[in-house]
Amino acid sequence: MEGQLSRIDVTVLPVGWSRPSGPRTESEVAGNWSPALSPDGRHLAYVSDRGGVPAVWVQPVGSELTFRVDTGGEPVTAVRWSSGGGWLACEITPGGAPRHEVWLVRPDGSDLHQVAGFGADTAENMRWLPGRPVLALTENLTTAVLLDVVAGTRTVVAHGDLLSLLDVDPAGRFALLRYGPRGSREIVLRDLSTGVEKPITRGERAVFSPGGGNVYALSQDGEVPVLIRVAGDAVEVLTGLRDGPGEVEDFTITADGRTAAVLWNVRGGESEVALIGLDHDGDRVPVPVSPLPGLVVGELAWSFDGSALAFTAEGPGQPHGVWVRSGGEVRAVSAEPASPGAVRPTLEVFPAHDGLTLTGWLFQPSAPGPHPTVLWLHGGPEAQERPGHGPLFQSLVNRGIAVFAANVRGSSGFGRSFVDADNGARRYAAIEDVRTCVTYLRDSGIAGSVGCMGRSYGGYLTLAALTTFPSLFAVGVDVCGMSNFSTFYQHTEPWIAAAAVSKYGDPVLDADLLADLSPIKRIDQLSAPLLVVHGENDSNVPVIEAEQVVKALASRGVEHRYLLFPGEGHELLHRSSRAEYLREVLTWLDKHLLTA
């Protein structure tokens, strides 16, 4: 037995149930995420930072009582509830770095122990196989592993470069594997007895049907992602009936295989969710889940019995909350209401220098413009700026500073061609998009003086823009951005470097291109005051990327400030760190943008 706990009796759980604490300032809260329902849908496990550090909490659906599950104190990034109910699988990130460990713990907080990601290894993409006490995961993007928590066995089902295990069929004969670097991943069906592999589709996610005879996959073979069902050599598109443009972002299938919950990305970044019947005689017409409690929804998850669907929702001034749909009703489990004065952004659409359509979300003060304006550049670059929770944006608007959160080429949500439009040497065009955004904002009467800031890839693009168009900007903020592709490839995690080649270029074959695209090579052009922010434990974009910028600016006497966070990695996971970050950024922009 797995330790059956499909119905949890709160009375037998340890002392420690409580109601969430009182009001929290926007600057300190990320919210709640990674919802995982108990098998019968009556309880929800999720990750919340309400205690200051992301941790696992368990809460009965329909009750305000919560119970924190002790996982050792390190930040938790994800939780999954086994289909038998006896275990929670927790993804933990020591020191906030990209390396992940997987730990198991009972829902009552007992029997905590590590099962993957030992030493220097990293473990990710964990998934409980439905109806089985077996956890599937991937280590180091090279090793596909099955952990039987009853037998206590570990089985390696496949090895390969840039590999991820997606699912194993109920009979244990076949596995769904994903291979390849960013933006170029293929899903294959592997016969575990012979090792023979059959291509399924290009994409990121796939699962078997309950009987194992069909494969459901989020296919990226076409211009926009769609949900497909593959039966032998027959392929059926299940999401081709939605009216209007949009792309499928995520899906989840009930354990009985009868219903799919599908998440669409529409209208430049808003969300729609619908249920699709999967019975062979069904009509396939999506049934909308409405109204949604936020503009942006994510992380769909069914209970094992199919009675409840969990998801996250957020919006302007509304942090991530966890919600459950059951019996046709959507209700909050743990969610904060939107701030009553939050500014709702508008979607701006305009042409790039070469005619490509660009978009972005504009947050404006109520007073007429032009306004001092911050141009925000997101990470990825295969990510998307959306109308979600942004305490920095709201705080800036309250100060009279407009924010334009841009989706330059390379962003997701606008089709495959747009995502690939900044690959390799096409990155010069993405840098030019930054100038196009400033031109649009000024020609539209929105912007006066402009500052540029972004994190991760957005930090890189900020440095590239500040060194390529120095006269455009009054101030800059670089948050964990790459400054030198050569040192980035040398010092980042090996699996991150390998996966990045398809997007940025090969560090050997494309060395000259990457050198020319590196902001450090023209750092003497940078004149705007620059705030540099980095996590000391960041091994995704290593801290050397910040240090060489700071050293170069100091040697030239350019005004700058270096904000280094000990105990943090690529993300600021502690609420205290995020509060300090917000405070320092606002002070920097008040000084250099409001007075520019």
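That block above? That's the structure.
Fair warning: this is a prediction, and the values are worked out from it, not measured in the lab. (Residues numbered from 1 in each chain as written. Predicted model: local features only at pLDDT ≥ 70, side-chain atom pairs only at ≥ 80, totals over all residues. Heavy atoms only, no water.)

1. Describing the overall build of the chain
So, step 1. What the chain contains, in helices and strands, is nine helices and 35 strands.
So, step 2. Computed over C-alpha atoms, the radius of gyration of the chain comes to 24 Å, within 12% of the 25 Å expected from 2.2 N^0.38 for 596 residues, which places it in the range of a compact globule.
So, step 3. Counting only C-alpha atoms and orienting by the principal axes, one finds that the chain spans roughly 65 × 55 × 50 Å.
So, step 4. Accessible surface computed for the chain: about 22,200 Å², of which carbon and sulfur atoms make up 52%.
So, step 5. On the chain, the mean spot of the 47 positive side-chain charges and the mean spot of the 69 negative ones are 2 Å from each other. (Helix = DSSP H or I, 4+ residues; strand = E, 2+ residues; numbered from the N terminus. Rg over C-alpha atoms; globule rule 2.2 N^0.38 Å. Areas by Shrake-Rupley, 256 points an atom, 1.4 Å probe, with all protein chains shown as cover. Lys, Arg positive; Asp, Glu negative; His and termini not counted. Charge placed at Lys NZ, Arg CZ, Asp CG, Glu CD.)

2. Some remarks on the sheet that holds strand β8 (residues 113-116)
So, step 1. Strand order in the open sheet formed by four strands is β5-β6-β7-β8, and the pairing between neighbours is antiparallel. Looking at the sheet topology across the chains shown, the edges are occupied by β5 (76-81) and β8. Across the sheet, the mean angle from the axis of one strand to that of its neighbour is 30°, orientation sign disregarded.
So, step 2. Looking at chain direction, strand β6 (residues 88-92) and strand β7 (residues 101-105) are connected through five bridges and run antiparallel. Within β7, the position partnered with E91 by the bridge is V102. (Pairing = 2+ DSSP bridges. Axes fitted to C-alpha atoms, helices over the stretch in contact; angles between N-to-C directions.)

3. Remarks on the pairing of strand β14 (residues 174-179)
So, step 1. With five of six residues buried, β14 is to be regarded as a mostly interior element.
So, step 2. As judged from the five bridges shared by strand β13 (residues 163-168) and β14, these two strands associate in the antiparallel manner. Residue pairing across strands places L163 opposite Y179, the latter belonging to β14.
So, step 3. The antiparallel hairpin formed by β13 and β14 contains five residues in its connecting segment, where G172 sits at a positive phi of about 75°. (Buried < 20%, exposed > 50% of the residue type's maximum accessible area, 1.4 Å probe, protein only.)

4. Section: the packing of helix α3 (residues 427-443) against helix α4 (residues 457-468)
So, step 1. Running from N to C, α3 and α4 point in directions that differ by 75°, and their axes come no closer than 9 Å. The orientation of α3 with respect to α4, classified from their angle, is roughly perpendicular. Taken together, the residues of α4 that come into contact with α3 (itself represented by R427, A430, I431 and V434) are Y457, Y460, L461, A464, A465 and T468.
So, step 2. The residue inventory of the contact of α3 with α4, partitioned by class, reads eight nonpolar, one polar and one charged. (Parallel < 35°, antiparallel > 145°, perpendicular 65-115°, else oblique. Contact = heavy atoms within 4.5 Å. Nonpolar A, V, L, I, M, F, W, Y, C, P; charged D, E, K, R; others polar.)

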